Amino acid sequence: MANCCDMKEGDLFLCHTCGLELAVKKACACKTGSEDACSVPLMCCGKEMTQKSI
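Cut-offs and rules
- Residues numbered from 1 in each chain as written.
- Predicted model: local features only at pLDDT ≥ 70, side-chain atom pairs only at ≥ 80, totals over all residues.
- Heavy atoms only, no water.
- Buried < 20%, exposed > 50% of the residue type's maximum accessible area, 1.4 Å probe, protein only.
- Pairing = 2+ DSSP bridges.
- Helix = DSSP H or I, 4+ residues; strand = E, 2+ residues; numbered from the N terminus.
- Contact = heavy atoms within 4.5 Å.

(A) Spatial organisation of unusual backbone geometry. A positive phi angle is found at C45, which is not glycine, with a value near 55 degrees. Taking the relative accessible area as the measure of exposure, C45 reaches 46% and is therefore partly exposed.

Encoded structure:
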């Protein structure tokens with residue numbers, strides 16, 4: 001699951017349905033498990049996006 005808490009600068013994410021690619025330019029400041037942590041996975045075309053291997 002691609003969640004912004006786990007994304008690092010330079011990571012690439014891909015939608016296997018439409019081919020959209022997203023590059024992380026700046027990492028999220030929230031912390032996994034904290035009250036303010038983001039909880040929604042990165043989605044496109046109704047499916048979770050996956051990290052693309054370089």
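(B) Fine view of the sheet that holds strand β1 (residues 12-14). Read across the open sheet, the three strands follow the order β2-β1-β5; overall the sheet is antiparallel. Only two strands of the sheet have a single partner each, and these edge strands are β2 (21-23) and β5 (50-51). By the bridge criterion, two bridges tie β1 to β5 in an arrangement that is antiparallel. Its bridge partner being in β5, F13 is matched across the sheet by Q51.

(C) Molecular detail of the environment of V24. Examined against the element boundaries, V24 turns out to sit in the loop between β2 and β3 (43-44). Judged by relative accessible area, which is 12%, V24 ranks as buried. With 15 residues separating them along the chain, V24 and E9 place their C-alpha atoms 5.0 Å apart. Those residues in contact with V24, other than ones at most four positions away along the chain, are M7, K8, E9, G10, D11 and F13.

Shape is all these values report; function is a separate question.
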